[in-house]
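What follows is each chain in one-letter form.
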Amino acid sequence: MSVNGTGYLEFVVPGIIALTAMTTSFNGAGTRLNTDRLFFRSFDECLMAPISSLSLLAGKAIIGVYRGLVSSIAFLLVAMLIAPGIHIGPLFVLSLLLTCLIFSFLGVLAALLASTHEDMATFSSLILLPMTFLGGTFFSLSQLPLALKMALYLLPLTHCSMCLRAAALGGSFPWWSLMGMAAFLLAFSLASMAVLKRLSV
Amino acid sequence: MNKAIELIGLAKEYCGKRVIDDLSLEVEEGEIFGFLGPNGAGKSTAIRILTTLTKPTAGRALINGFDVAKQPHMVKSQFGIVQQHLSLNRELTVRENLELHARLHHLSKWDRDRRIDELLDFVDLTGFAHQLIDKISGGMKRRAMIARALIHRPRILFLDEPTVGLDAQSRRRVWDLIRGMNTEGTTVFLTTHYIDEAEMLCHRVGIIHQGRSMAIGSADQLRRNLGEIAVESKKDGRTRYCYFPDKETASKFVLEMKAADGVVMRQSNLEDVFIELTGRRVEE
Amino acid sequence: MDAYTIVWSDMMMLRRRFAKYLLTTLLSPLLYLWLLDGGLAGA
């Protein structure tokens, strides 16, 4: 079986990488911060330290980024043994980095909004789980009807898998999706900043 | 004397409910000041405002002259805090927790290492430096939190219910630590619902009830205002308390009393002051 | 710099259970890979 002229295995590996980066970054930043806030209650200590809220948020998000990178790179090493056709260049690294950043900030945002541990789980099952299957990870968007395609473009993961796939398989690179990723990153980081400001009321 | 802490007409509302209402007080540099009040009196909220975690609805709070709402960044380097609940990172060791805090307060590597050794020694945890927080006892955790709060040499230390849930020995040890750091010049602001803690440890006590300050002064002053001598008498199964400025007036009153049994004459204490001011026992 | 301090504290934690972490996060992607590869190759 092949999709758009590539073997399905080669086609699906970048999708799984996008997926791994999404889950581990979201959990790395979000679940960690949620535990710090509500269970260890050590987040207050950070809030009372003389550091800017930007550094605080960036730090919490970078935790997600490096955890996401560790997991996706580890998976990539295994996957390259099975699917050697994967090409890793600067665009691939950039897309992976952006993917990790987007979902780390989404994790931070979710953790700041959550007032219980359950909220966090709800967020995961309502937002992350549907994205796992709909975000262009296991299939190509090209054969879908236009309306559905447009709807799936609203999911950040769709853009991540498209960029990672194009970079890994050497197709024409979807620069618009890269811009979309940057937009999602900006939106999530600004939103978490706003929520953090509201926390101290 | 400089003012370390100043509250001016402070108020805080949560969902339309006033948890702090027109609270004004001053704490001098070098003092141990205690906020005494039952659970839910607004003590922790006051500390949250002073430590920049919450913004006041009205009024001002100043730490070493810096406004907590307007200059939070300046305020943050002035104080250390020991929270009521365990707020250490449980998956890090004692030393790593201290190091994290020192790094957040921008201590240089050299200063950090020296200061951590010094404080581990101060709180008697040198032998436990490399233990995970989860593996040490409750008293040790509290001491580790005290060490952490002192890392950046703050001039003011807040302690929210510093001895809650500790056994008698650990409690005394925490008291000694508080006295020790106070002798070295740190201003201490603590909250407690233990009367003996306020009486034995604090130079001055503020009694807080339903978000309002009822009285402020040294334990002796507060007792004198009420009356040095307390007379308890039982009537119909209820105890009545009367207070007198000295033994003579109290004795005269006791002699004139008729048909009362179980009359006890004793020195008044902070608990008497508390009950008279708030109409309830502190630990109710 | 302050951001690094926060990341540093997480690295200290992760260091202690790195193997466990790697195993748990790799489990689901490897399962996907195995399922999609094997499942479709067999079909």
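Our subject in this report is the structure included herewith. Model, not experiment: these values are computed from the prediction. (Residues numbered from 1 in each chain as written. Chains lettered and ligands numbered in written order. Predicted model: local features only at pLDDT ≥ 70, side-chain atom pairs only at ≥ 80, totals over all residues.)

**Digging into the interface of chain B and chain C**
Listed as interface residues are 7 residues of chain B and, on the opposing side, 5 residues of chain C. Broken down by class, the residue content of the side of chain B that touches chain C amounts to 3 nonpolar, 1 polar and 3 charged. (Contact = placed C-beta atoms within 7 Å. Nonpolar A, V, L, I, M, F, W, Y, C, P; charged D, E, K, R; others polar.)

**Observations regarding the interface of chain A and chain C**
Listed per partner, the contact involves 25 residues of chain A and 16 residues of chain C. Looking at the side of chain A that touches chain C, the elements with two or more residues in it are α1 (8-38) and α3 (53-82) of chain A. (Helix = DSSP H or I, 4+ residues; strand = E, 2+ residues; numbered from the N terminus.)

**What about the sheet that holds strand β1 (residues 3-14) of chain B?**
All names here are of chain B. Read across the open sheet, the 4 strands follow the order β2-β1-β4-β5; overall the sheet is antiparallel. In this open sheet, the two strands that pair with only one neighbour each are β2 (17-28) and β5 (66-67). Taken together, the 2 bridges between strand β4 (residues 58-63) and β5 define a ladder with antiparallel strand orientation. Within β5, the residue paired with Ile63 across the bridge is Phe66. (Pairing = 2+ DSSP bridges.)

**Re the sheet that holds strand β6 (residues 79-82) of chain B**
All names here are of chain B. Pairing is mixed across the open sheet formed by 6 strands, whose spatial order is β6-β7-β8-β3-β9-β10. Either end of the sheet is taken by a strand with one partner, and the two such strands are β6 and β10 (212-217). Here the strands of the sheet are splayed against their neighbours by 15° on average, with no regard to which way each runs. For strand β9 (residues 204-209) and β10, the ladder comprises 5 bridges, and the chain directions are antiparallel. Paired with Val205 across the strands is Gly217, a residue of β10. Across the face of the sheet, helix α1 (residues 43-50) comes into contact with β3 (32-36), β7 (156-160), β8 (187-192) and β9 while running at roughly 150° to β7. The strands touched by helix α10 (residues 270-278) are β3, β9 and β10; relative to β9, the strand with the most contacts, the crossing angle is about 30°. (Axes fitted to C-alpha atoms, helices over the stretch in contact; angles between N-to-C directions.)

**As for the packing of α3 of chain A against helix α4 (residues 90-113) of chain A**
Residues and elements named next belong to chain A. Direction vectors running N to C along α3 and α4 enclose 130°, while the axes themselves pass 8 Å from each other. One element, α3, and the other, α4, form an angle in the oblique class. Both α3 and α4 take part in a crossing whose hand is right-handed. Of the residues in α4, those in contact with Leu57, Lys60, Ala61, Gly64, Val65, Gly68, Leu69 and Ser72 of α3 are Leu96, Cys100, Leu101, Phe103, Ser104, Phe105, Gly107 and Val108. Of the residues that constitute the contact of α3 with α4, the class distribution is 10 nonpolar, 5 polar and 1 charged. (Parallel < 35°, antiparallel > 145°, perpendicular 65-115°, else oblique. Left-handed = near helix turned anticlockwise from the far one by under 90°.)

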